[in-house]
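What follows is the residue order along each chain.
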Amino acid sequence: MQKFPNAYVITGSIASGKSTVSNLLKERGFSVIDADAIAHEQLEICKCEIVEVFGEKILGEAGKIDRQKLGTIVFNDPKKLKILEQILHPRIKAEILSRASQLEALGQVYFVDIPLFFEKQDRYTEFKNIAVIYAPKELLINRLMSRNALNLEVAKARVELQMDIEQKREKANFVIDNSVDKENLEQELEKFLEQIGATTC
């Protein structure tokens, strides 16, 4: 039996528009569990353990972990990224499932925003309804360049760190197209909500 039949995972690629879709869903009154926000909370909760592994150089002002400094270390060293994931991930997943259980009990559709769902699919077998926010690779690269002020090489490398968007599109149960503009995205989102019979109260 499916554990979370009312849950719909929102995923995609970097710069595909996941956050925009999550915000639109919240505006419409839906509950959204945000895996990134949970990750940030857990980063602070596990601060002592993380500083012990990576050193105080990752701390920023006010003694908080500077995510950019930590990111620079782990994105350039797969072993260190794995260590960080081993510390954080069990806690992130436990929190996601705890919140999902609470929302499931309400018997209404809700959403779980998991950016790297397909990359970590073996970790999230509890969720079966998957919606991909789609935009072609070239567009993702261009958006990332303008959004993060990156050059082509860096933006391309970041997009290619993740599973190819076309593969994600094939694996998903639902596709929400975001290759035009926000107005079009809103129309696509409405179609998707109709398709899954989701209504806000």
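Each chain has its residues counted from 1, running along the sequence as written. Totals for whole chains, interfaces and linings use all residues, but because this is a predicted model, local features are given only for residues with pLDDT of at least 70 and pairs of side-chain atoms are given and counted only at 80 or more. Remark: hydrogens and water are excluded; side-chain values derive from all non-hydrogen atoms of the structure.

## Observations regarding the overall build of the protein chain
Think of it this way: any DSSP run of H or I at least four residues long counts as a helix, any run of E at least two long counts as a strand, and we number them from the N terminus. Helix and strand counts for the protein chain stand at 9 helices and 5 strands. When the helices and strands of the protein chain are placed in sequence order, the string is β-α-β-α-α-α-α-β-β-α-α-α-β-α. Relative to the 2.2 N^0.38 estimate, which gives 17 Å for 201 residues, the radius of gyration of the protein chain is 18 Å and therefore close to what a compact globule would have. Along the longest, intermediate and shortest principal axes, the C-alpha atoms of the protein chain span 50 × 40 × 30 Å. Each residue is placed in one exposure class: buried if its accessible area under a 1.4 Å probe, protein chains only, is under 20% of its type's maximum, exposed if it is over 50%, and partly exposed if it falls in between. Relative to its full complement of 201 residues, the protein chain shows a buried share of 45%. Our radius of gyration is a C-alpha quantity, and the globule rule it is checked against amounts to 2.2 Å times the number of residues to the power 0.38.

## Some remarks on the sheet that holds strand 4 (residues 130-134)
On the basis of which strands lie adjacent, the open sheet formed by 5 strands has the order 2-3-1-4-5 and parallel pairing. Each edge of the open sheet carries a strand with a single partner, namely strand 2 (32-34) and strand 5 (174-177). Each adjacent strand pair in this sheet contributes to an overall mean axis angle of 25°, direction not counted. Note on definitions: a residue-residue contact is assigned when non-hydrogen atoms from the two residues lie within 4.5 Å. In this description, a line fitted to the C-alpha atoms serves as the axis of each element, helices being fitted only across the stretch in contact, and the angle between N-to-C directions of two axes falls anywhere from 0 to 180 degrees. Lying over the sheet, helix 1 (residues 18-27) contacts strand 1 (7-11), strand 2, strand 3 (110-113) and strand 4, oriented at roughly 145° with respect to strand 1. Only strands joined by at least two bridges in the DSSP assignment are considered to pair.

## So, the packing of helix 3 (residues 47-54) against helix 5 (residues 78-104)
Direction vectors running N to C along helix 3 and helix 5 enclose 170°, while the axes themselves pass 11 Å from each other. The angle between the axes of helix 3 and helix 5 places the two elements in the roughly antiparallel class. Mapping the contact onto sequence places E49, I50, V53 and F54 in helix 3 and K80, I83, L84, I87, L88 and R91 in helix 5. Residues are sorted three ways: Asp, Glu, Lys and Arg are charged, Ala, Val, Leu, Ile, Met, Phe, Trp, Tyr, Cys and Pro are nonpolar, and all the rest, Gly among them, are polar. Considering only residue class, the contact of helix 3 with helix 5 consists of 7 nonpolar, no polar and 3 charged. Throughout this description, any angle smaller than 35 degrees is read as roughly parallel, any larger than 145 degrees as roughly antiparallel, any in the 65 to 115 degree range as roughly perpendicular, and the remainder as oblique.

## A few points about the pattern of salt bridges
Throughout this description, the term salt bridge denotes a Lys or Arg side-chain nitrogen within 4 Å of a carboxyl oxygen of Asp or Glu. For the coordinates displayed, the defined rule picks out 12 salt bridges. Its salt-bridge partner being E190, residue R28 comes within 2.7 Å of it at the nearest N-O pair. Highlighted residues: R28 in the loop between helix 1 and strand 2 and E190 in helix 9 (residues 182-195), separated in sequence by 162 residues. You can call R28 partly exposed: its relative accessible area is 21%. The exposure class assigned to E190 is partly exposed, which follows from its relative accessible area of 33%. When the shortest N-O distance is used, the salt bridge between E188 and K191 registers 3.2 Å. Here K191 and E188 lie together in helix 9, a separation of 3 residues that amounts to about one turn. In this structure E188 comes out as buried when scored by relative accessible area, which is 17%. Exposure remark for K191: the relative accessible area of 51% places this residue in the exposed category. Taken together, the salt bridges that share partners define one network made up of R28, E186 and E190.

## A look at the pairing of strand 3
The two faces of a sheet get side chains in turn, since along a regular strand they alternate between them. Burial along strand 3 is two-sided: the face carrying Y110 and V112 and the face carrying F111 and D113 are both buried. Judged from the 3 bridges that link them, strand 2 and strand 3 form a sheet pairing that is parallel. Its bridge partner being in strand 3, I33 is matched across the sheet by V112.

## Digging into helix 2 (residues 35-45)
Turning to helix 2, its buried residues are A35, I38, A39, Q42 and L43. Seen end-on, helix 2 carries its buried residues on one side only, within an arc spanning 145°. Elements in contact with the buried residues of helix 2: strand 2, helix 3, helix 4 (67-75), helix 5 and strand 3. Two to three positions downstream of the cap, the backbone nitrogen of D36 sits 2.9 Å from a side-chain oxygen, assigning the N-cap of helix 2 to D34. The directions from the helix axis to the C-beta atoms are what the arc is built from. Under this definition, polar contacts are N or O atom pairs within 3.5 Å; protein pairs additionally need one hydrogen-donor-capable and one acceptor-capable atom, and for neighbouring residues in sequence, both atoms have to be side-chain atoms.

## Digging into the environment of K18
By the element assignment, K18 lies in helix 1. You can call K18 buried: its relative accessible area is 11%. Residue contacts for K18: discarding those within four places in its chain leaves I10, T11, G12, S13, D113, P115 and I133.

## What about the nonpolar core?
Grouping buried Ala, Val, Leu, Ile, Met, Phe, Trp, Tyr and Cys residues that are joined through side-chain atoms within 4.5 Å yields what is termed a nonpolar core. With 47 residues, the main nonpolar core has I50, L70, I96, V112 and F127 as its most contacted residues. Top element by residues in this core is helix 5. It accounts for 8 residues. Counting 19 residues, the second largest nonpolar core, distinct from the first, contains Y8, V109, L189 and I196.

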